[in-house]
Amino acid sequence: MSGHSKWHTIKHKKGAADAKRGKIFTRIIKELTVAARNGGGDPDTNPRLRTIVLEAKANNMPRENIDRAIRRGTGEEPGVSYEEVTYEGYAPGGVAVLIQVLTDNRNRTAPEIRHTFEKAGGNTGSSGAVAWMFDRKGVILGDAEKIGEDDLMAKALDAGATDMRRTEKVFEITTAPAEMDAVRDALAKAGVPILEAQVTYVPQSTVRVEAPTAASVMRLIEALEELDDVQHVYANYDIPDEVLEAISAA
């Protein structure tokens, strides 16, 4: 599967591990703080904040934690100031990798990112090295086991979606980044079972990767996701299902 169609599978696998360590809460708290700092503390007028609040609720984050993170972002409570940074590089096999980071110390984060790439046989790149290979889009996942394709396609088009396709047990609906919230809300009102919704980076094309290089690519992706400051990792790999399954079973 490609890095695009498989992003949610990797994310869910990572989510299970994150839940044990509580890292998922830390990631969301950082995003809540930065979203509130940049766009204000009212989810009704700050779409980015609203999306993160919904994710926080979906992960059963206590309301007190959500409100505290927002207050830190608006300056009502003291807290750490995070900076948004994007790092770029190449994994083994020429796979392009884009990493979104929230950090309070670039001097700590940059060497960690570089070391992680080098250890896995990849290398970091300069700003703009791979970013042009990705398009920013809204991606909404609908439960394919609870709604038919024709029914969802009609509702998605009416809501303003730009495309839809099925990947495994979900329908992947794409939108313009600025339209993601409106499309998600319209689909929810229409009774569509939504599993997840976010603005993400989608590769314009993918790089085919076979074993054993595929294992090295996945090790790098997972190692990057383990770093405390890393929020999201995007890549343009295309790994066959049977190879990915063998990696997961190893």
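Anything mentioned here points back to the structure above.
Thresholds applied
- Residues numbered from 1 in each chain as written.
- Predicted model: local features only at pLDDT ≥ 70, side-chain atom pairs only at ≥ 80, totals over all residues.
- Heavy atoms only, no water.
- Helix = DSSP H or I, 4+ residues; strand = E, 2+ residues; numbered from the N terminus.
- Contact = heavy atoms within 4.5 Å.
- 1 Å grid on protein atoms, 1.4 Å probe; cavity = no way out; pocket = protein on both sides within 12 Å on 5 of 7 lines; lining within 4 Å.
- Points joined across faces, edges and corners; volume = space filled by probe spheres on them.
- Pairing = 2+ DSSP bridges.
- Axes fitted to C-alpha atoms, helices over the stretch in contact; angles between N-to-C directions.
- Core = buried A, V, L, I, M, F, W, Y, C linked by side-chain atoms within 4.5 Å.
- Buried < 20%, exposed > 50% of the residue type's maximum accessible area, 1.4 Å probe, protein only.

Concerning the side chain of Arg27
Thinking step 1. Looking at the element boundaries, Arg27 is found in helix 2 (residues 23–39).
Thinking step 2. With sequence-adjacent residues up to four places away left out, Arg27 is seen in contact with Glu55, Gln231 and His232.

Observations regarding the layout of surface pockets
Unoccupied space between atoms shows up once a probe the size of one water molecule is rolled over them.
Thinking step 1. Reported here for the second largest pocket is a volume of approximately 500 Å³.
Thinking step 2. Looking at the second largest pocket, it is lined by 23 residues, and the ones nearest its centre are Glu31, Arg48, Gln100, Arg136 and Val199.
Thinking step 3. Those elements that provide at least two residues to the lining of the second largest pocket are helix 2, helix 3 (47–58), strand 1 (83–91), strand 2 (95–103), helix 7 (180–189), strand 7 (194–203) and strand 9 (230–235).

Focus: the sheet that holds strand 6 (residues 170–175)
Thinking step 1. Taking strand neighbours across the sheet as the criterion, the four strands line up as 5-6-4-7 in an open arrangement whose pairing is antiparallel. Sheet topology places strand 5 (163–167) and strand 7 at the edges, where each strand pairs with a single neighbour. If you compare each strand with its neighbour and ignore which way they point, the axes differ by 30° on average.
Thinking step 2. Here strand 5 pairs with strand 6 via five bridges, running antiparallel. By the bridge assignment, Asp163 is partnered in strand 6 with Thr174.
Thinking step 3. Across the sheet, helix 6 (residues 149–159) touches strand 5 and strand 6, and the angle it forms with strand 6 is around 15°.
Thinking step 4. Packed onto the sheet, helix 7 meets strand 4 (134–143), strand 6 and strand 7 and runs at close to 155° relative to strand 7.

Quick look at the sheet that holds strand 2
Thinking step 1. The strand order 3-1-2-9 describes an open sheet built from four strands, whose pairing is antiparallel. Every interior strand has two partners, whereas the edge strands, strand 3 (123–125) and strand 9, have only one. Pairwise comparison of adjacent strand axes, ignoring direction, gives a mean angle of 30° for this sheet.
Thinking step 2. Note: strand 1 against strand 2, nine bridges, orientation antiparallel. Opposite Glu84, over in strand 2, you have Leu102 as the bridge partner.

Concerning the nonpolar core
Thinking step 1. Of all hydrophobic cores here, the largest spans 24 residues; its most connected members are Val95, Val97, Ile99, Ile113, Leu224, Tyr237 and Ile239.
Thinking step 2. Only strand 1, strand 2, helix 5 (106–119), helix 8 (213–226), strand 9 and helix 9 (241–249) provide two or more residues apiece to this core.
Thinking step 3. In terms of residue count, the dominant contributor to this core is helix 8 (six residues).

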